[in-house]
Every structure is written in structure tokens, then in C-alpha cells.
Amino acid sequence: MIDYRIDRGSGVPAYVQIVEQTERALRMGTLQVGDKLPTAREVVAATAINPNTVLRAYRDMEQAGLVELRRGLGTFVTRSLARPGAEDDSPVRQELTGWLARARAAGLERADVLAMVTAALDAHDNEHDGTTPGHRDERRRNA
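The rules behind these values
Residues numbered from 1 in each chain as written. Predicted model: local features only at pLDDT ≥ 70, side-chain atom pairs only at ≥ 80, totals over all residues. Heavy atoms only, no water. Helix = DSSP H or I, 4+ residues; strand = E, 2+ residues; numbered from the N terminus. Buried < 20%, exposed > 50% of the residue type's maximum accessible area, 1.4 Å probe, protein only. Contact = heavy atoms within 4.5 Å. Areas by Shrake-Rupley, 256 points an atom, 1.4 Å probe, with all protein chains shown as cover. Core = buried A, V, L, I, M, F, W, Y, C linked by side-chain atoms within 4.5 Å. Salt bridge = Lys/Arg side-chain N within 4 Å of Asp/Glu carboxyl O. Axes fitted to C-alpha atoms, helices over the stretch in contact; angles between N-to-C directions. Parallel < 35°, antiparallel > 145°, perpendicular 65-115°, else oblique. Left-handed = near helix turned anticlockwise from the far one by under 90°. Nonpolar A, V, L, I, M, F, W, Y, C, P; charged D, E, K, R; others polar. Polar contact = N/O pair within 3.5 Å; in protein donor to acceptor, adjacent residues only side chain to side chain.

Another point: the overall build of the chain. On a plain count of helices and strands, the chain comes out with six helices and two strands. Order of helices (α) and strands (β) in the chain, N terminus to C terminus: α-α-α-β-β-α-α-α. The buried share of the chain, taken over its 143 residues, is 26%. Put simply, of all contacts in the chain between residues at least 6 apart along the chain, 47% involve residues at least 24 apart. Of the accessible surface of the chain, which amounts to about 9,800 Å², a share of 53% is contributed by carbon and sulfur atoms.

Moving on, we come to the nonpolar core. Counting 22 residues, the largest nonpolar core has Ile18, Leu37, Tyr58 and Met61 as its most contacted members. Secondary-structure elements contributing two or more residues to this core are helix H1 (14-28), helix H2 (40-47) and helix H3 (51-63). Looking at this core element by element, the count peaks at six residues for H1. What Ile18 contacts, discounting residues up to four positions off in sequence, is Tyr4, Ile6, Val43, Ile49, Val54, Ala57, Tyr58 and Met61.

A few words now on the pattern of salt bridges. Under the criterion given, the structure shown has one salt bridge. For Arg70, the salt bridge is made with Glu68, and the minimal N-O distance between the two is 3.0 Å. Residue Arg70 is classed as partly exposed on the basis of its relative accessible area, which comes to 34%. For Glu68, a relative accessible area of 34% puts it in the partly exposed group.

Moving on, we come to unusual backbone geometry. Peptide bonds are mostly trans, and most non-glycine residues show a negative phi. Phi angles above zero are rare outside glycine, and Ala48 is one such case at about 60 degrees. A residue is classified by how much of its surface remains accessible, and Ala48, at 60% relative accessible area, is exposed.

Between two packed helices, what matters for the description is the angle formed by their axes and the separation of those axes. Running from amino to carboxyl end, H2 crosses H3 at an angle of 125 degrees, the nearest separation of the two axes being 9 Å. In this view, H2 runs oblique relative to H3, as classed from their interaxial angle. Every pair of crossing elements has a handedness; the one defined by H2 and H3 is right-handed. In this structure, H2 contributes Ala40, Val43 and Val44 to the contact, and H3 contributes Pro51, Val54, Leu55 and Tyr58. Residues belonging to the contact of H2 with H3 are distributed by class as follows: seven nonpolar, no polar and no charged.

Our focus in this paragraph is the packing of H1 against H3. Two elements in contact, H1 and H3, have axes whose closest approach is 8 Å; the angle formed by their N-to-C orientations is 45 degrees. Here H1 is positioned oblique relative to H3, judged by the angle of their axes. Considering the relative orientation of H1 and H3, their crossing is right-handed. For the pair H1 and H3, contact is made by Ala14, Tyr15, Ile18, Val19 and Thr22 and by Thr53, Val54, Arg56, Ala57, Tyr58, Asp60 and Met61, respectively.

Below, the discussion takes up the side chain of Gln17. Assignment of secondary structure puts Gln17 in helix H1. Judged by relative accessible area, which is 8%, Gln17 ranks as buried. Separated by 2.7 Å, the side chain of Gln17 and the backbone nitrogen of Asp7 make a polar contact. Reaching out from Gln17, the side chain makes a polar contact with the backbone oxygen of Val12 at a distance of 2.8 Å.

Dropping the structure here:
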């Protein structure tokens, strides 16, 4: 089961944080098809957010085809987002875990690490698709 954490200082709406954390768990294989999400009541008790916020996140995920709401039974995962190489025991994850340990030991904070990873991904994508980030974002909006 997933334990949601809400960062009230992030500026990201709580329902979006729930969706993002669920998607991350689906990508990492932490959540799998058939798994039950915590009830809205459980999420509210753990995070002190409004029940309607949880229900909005669950409805958004249902509309995206990630979960199914079963009245009286709960909310269940219907689709995986996991890709090969993301598993806990994959060589890629092991390399990343080692790199993160070195980055933290060097004094980098979470925001520093995220900025470095985002910049590296952008540079990699630019090299492989021949566009600048602005052009790629524009293409996505027009798709």
C-alpha cells in the first residue's frame, strides 16, 4: 500500500500530489494492477486534508484509466506504468541509488538533485530529438 505525504509548502495542490505520488508508485512497481489504494478516510487521517481533495485525486486517476472505483469495496489499480529498468533490483536503479548517495554526501539537497536530473534529461532529449525545450513543449501543446 502507498502512504501519501502532502507538502503544504510546495505550492502544488494536494490532489495533484496524490496523483503524482500514485503515478510514481505505478512507474516504480510499488503499486501493481489489482492493488487497493487507501480509502479516502485513511488518506484524510494520515494527511489531514479534506476528503473531497482525496476524492478529486481518485476521480482524476479513474478518468486517466489508472484506477477503478468500486462502490463499497474501494479504489483499485487497473493499469501499470512500470517500465523495464525501474524495478528495485535493476542495475539502473542500483546505479542511480549509488549516484544519489554520492550527491547527498557531497552536500546536494533534494532541489539540487532534481535540478541536475532535469537539466540532464533536457540535454539528453535535445541531443536525441534535435529540438530545444521550448519547441518540444510547443509540439506537446499542439498535439
